[in-house]
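Chain by chain, the residues run as shown.
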Amino acid sequence: MTRDHLDSLLTAALRSPERLPALDDAGWDLLLRQAGAANLLAILSCLLEERGLLDRIVPAAREQLAWARVLACRHRQGVLWEVRLIRQALAGLDVPLILLKGAAYTLAGLPPAPGRLFSDIDVLVPEERIGEAEAALMLAGWAGTHHDAYDQRYYREWMHELPPMRHLRRSSMIDVHHAILPKTAALRPDPALLRAAAIPVAGTPGLHVLAPADMVLHSAVHLFSDGEFNNGLRDLFDIHRLLCHFGTDRRFWAELVPRARLLELERPLFYALRYGVMLLDTPVPETVRNELSWPSPALLALMDALFRRVLVPDHASCGDRFSPVARFVLYLRGNWLRMPPLLLARHLFHKAFLSPRKSGPEAA
């Protein structure tokens, strides 16, 4: 793939970290600013450490990256502690606790974990047990947020998760999911299939993560069916690292596309593989890419123009004058994919004109 003006310094660094020792002070200043904007500073530090390159970069950058690793180490300790307490809280339910996204990478020791920072812990439980899970977490000190009546209905009737829960003392956040996409979304992957294929975390009874193919598909649908791209490049790099890791097993590639079709997630997988190859040189077999159904040429050209502008750091040095338009269009697209038109119109009207009128504790 040819590179163009939308290719950021950070994206180039993730593709070829071995070139970073040649970067001068000005280049490092820009790279660190981009990495901070993309929530990739600690990941960049860990990537350089993996390659044995830290001692070869300029001292000022090395010091800042060292502090980023300290923060990431402390974050990892906090995640392990929170997961332990969540397990204790839900131990009496006798249901497998399935971790998603960042917490899953951390507990399973997967390549995206080193340096990855995230604001909440996502878990998956059966929908019919979600009330019990909520009650158990409340007894352990987590309290629900979004107390507005409309927001409660939004989450409980239409979404795939409870309103986020915050611990009253530690302020840690947990998202309790019963599916990976809203009930109102056009795509409806069966969560029972995800739960049935989940694999246990070694040495931690009762704790599970999604199967390799499902983990990649969940990351893909989270990135390409959402409307927020503040962490878009980080999430794409997660997928890149997962594919590099799982892709050493030929059975993974043989199972990936059929699994995507079974879960109705072929299109998000197509975009994940396309932009992983395009931006990060992700090693995807050509046979796998050709096995997927492609969008029409016109739609693909439009998606390329949009996604290329949001899968970069949200920094003034990245993108062009059309980048804000791309972010807005993809925000609308994300909402369109989550809700049917009439419900979406009602929801957007409520959020635009009714929610801002609230004040005080209700709005908070």
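### So, the pairing of strand E1 (residues 97-100)
Okay, step 1: Here E1 shows a buried face lined by Leu 97 and Leu 99 and a second buried face lined by Ile 98 and Leu 100.
Okay, step 2: Of the strand pairs in this sheet, E1 and strand E7 (residues 207-209) are connected by three bridges, and their pairing is parallel. Along E7, the bridge assignment pairs Leu 99 with Val 209.
Okay, step 3: Summarising the sheet, E1 and strand E2 (residues 121-124) pair through three bridges and their orientation is antiparallel. Its bridge partner lying in E2, Ile 98 is registered against Leu 124.

### Examining the state of the cysteines
Okay, step 1: In the structure shown here, the tally under the stated rule is zero disulfides.
Okay, step 2: Cys 46 takes part in no disulfide bond, and the closest cysteine sulfur to it belongs to Cys 73, at a distance of 9.3 Å.
Okay, step 3: By relative accessible area, Cys 46 is classed as buried at 12%.

### Description of the layout of surface pockets
Okay, step 1: Volume-wise, the largest pocket comes out at about 1,300 Å³.
Okay, step 2: Taken together, 44 residues line the largest pocket, and the ones lying closest to its centre are Glu 161, His 222, Asp 226, Glu 228 and Arg 338.
Okay, step 3: When grouped by side-chain class, the residues that make up the lining of the largest pocket number 15 nonpolar, 16 polar and 13 charged.

### Structural notes on the environment of Val 288
Okay, step 1: Among the secondary structure elements, Val 288 is positioned in helix H13 (residues 286-291).
Okay, step 2: What makes Val 288 buried here is its relative accessible area of 4%.
Okay, step 3: The sequence separation of Val 288 and Pro 112 amounts to 176 residues, and the corresponding C-alpha distance is 22 Å.
Okay, step 4: In this structure Val 288 touches Trp 253, Val 257 and Leu 273, once residues within four positions along its chain are discounted.

### Structural notes on the pattern of salt bridges
Okay, step 1: Inspection of the entire model under this criterion finds 20 salt bridges.
Okay, step 2: Residue Glu 82 is joined to Arg 170 by a salt bridge in which the shortest nitrogen-to-oxygen separation is 2.6 Å. Residue Glu 82 is found in helix H4 (residues 59-90), and its partner Arg 170 is found in the loop between strand E4 (165-167) and strand E5 (173-177); the two are separated by 88 residues along the sequence.
Okay, step 3: According to the relative accessible area criterion, Glu 82 is buried, its value standing at 9%.
Okay, step 4: The salt bridge partner of Arg 129 is Glu 132, with a shortest N-O separation of 2.7 Å.
Okay, step 5: Since its relative accessible area comes to 21%, Arg 129 is described here as partly exposed.
Okay, step 6: Residue classification places Glu 132 among the partly exposed residues on the basis of a relative accessible area of 36%.
Okay, step 7: Look at the salt bridges and you will find they share partners, linking Arg 116, Arg 234, Asp 235 and Asp 238 into a network.

### Some thoughts on the packing of H4 against helix H6 (residues 130-139)
Okay, step 1: For the pair H4 and H6, the least separation of the axes is 8 Å and the interaxial angle reads 115°. The way H4 lies across H6 gives a crossing that is right-handed. In contact with Ile 86, Ala 89 and Leu 90 of H4, H6 contributes Ala 133, Ala 136 and Leu 137.

### Remarks on the confidence of the model for the protein
Okay, step 1: Averaged over all residues, the pLDDT of the protein is 90; the fraction at 70 or higher stands at 94%.
Okay, step 2: Across residues 359-364, confidence stays below pLDDT 50; counting only partners more than four residues off in sequence or on other chains, it has two contacts.

### Structural notes on the nonpolar core
Okay, step 1: Trp 28, Leu 99, Tyr 275, Phe 307 and Leu 311 are the most contacted members of the largest nonpolar core, which totals 111 residues.
Okay, step 2: Contact partners of Tyr 275, with chain neighbours within four places excluded, come to Phe 224, Leu 236, Leu 280, Met 303, Asp 304, Phe 307 and Leu 311.
Okay, step 3: Counting eight residues, the second largest nonpolar core, distinct from the first, contains Tyr 154, Tyr 155, Met 159 and Leu 344.

### Re a nonpolar patch on the surface
Okay, step 1: Taken together, the side chains of Val 325, Phe 328, Val 329, Tyr 331 and Leu 332 define a hydrophobic patch exposed on the protein surface, amounting to about 420 Å² of accessible area.
Okay, step 2: Residue placement: Leu 332 occurs in helix H15 (residues 323-338).
Okay, step 3: Looking at Leu 332, the relative accessible area reads 36%, which means it is partly exposed.

### A few points about unusual backbone geometry
Okay, step 1: Located in the positive-phi region is Lys 101, a residue other than glycine, with phi close to 50°.
Okay, step 2: As for its placement among the helices and strands, Lys 101 is situated in helix H5 (residues 101-108).
Okay, step 3: Phi is positive for Ser 171, which is not a glycine, with a value near 65°.
Okay, step 4: Relative to the helices and strands, Ser 171 resides in the loop between E4 and E5.

Definitions and limits used
Residues numbered from 1 in each chain as written. Predicted model: local features only at pLDDT ≥ 70, side-chain atom pairs only at ≥ 80, totals over all residues. Heavy atoms only, no water. Buried < 20%, exposed > 50% of the residue type's maximum accessible area, 1.4 Å probe, protein only. Helix = DSSP H or I, 4+ residues; strand = E, 2+ residues; numbered from the N terminus. Pairing = 2+ DSSP bridges. Disulfide = S-S within 2.5 Å. 1 Å grid on protein atoms, 1.4 Å probe; cavity = no way out; pocket = protein on both sides within 12 Å on 5 of 7 lines; lining within 4 Å. Points joined across faces, edges and corners; volume = space filled by probe spheres on them. Nonpolar A, V, L, I, M, F, W, Y, C, P; charged D, E, K, R; others polar. Contact = heavy atoms within 4.5 Å. Salt bridge = Lys/Arg side-chain N within 4 Å of Asp/Glu carboxyl O. Axes fitted to C-alpha atoms, helices over the stretch in contact; angles between N-to-C directions. Left-handed = near helix turned anticlockwise from the far one by under 90°. pLDDT = per-residue confidence, 0-100. Core = buried A, V, L, I, M, F, W, Y, C linked by side-chain atoms within 4.5 Å. Patch = residues over 30% accessible without salt bridge, like charges linked within 9 Å, V, L, I, M, F, W, Y side chains within 5 Å. Areas by Shrake-Rupley, 256 points an atom, 1.4 Å probe, with all protein chains shown as cover.

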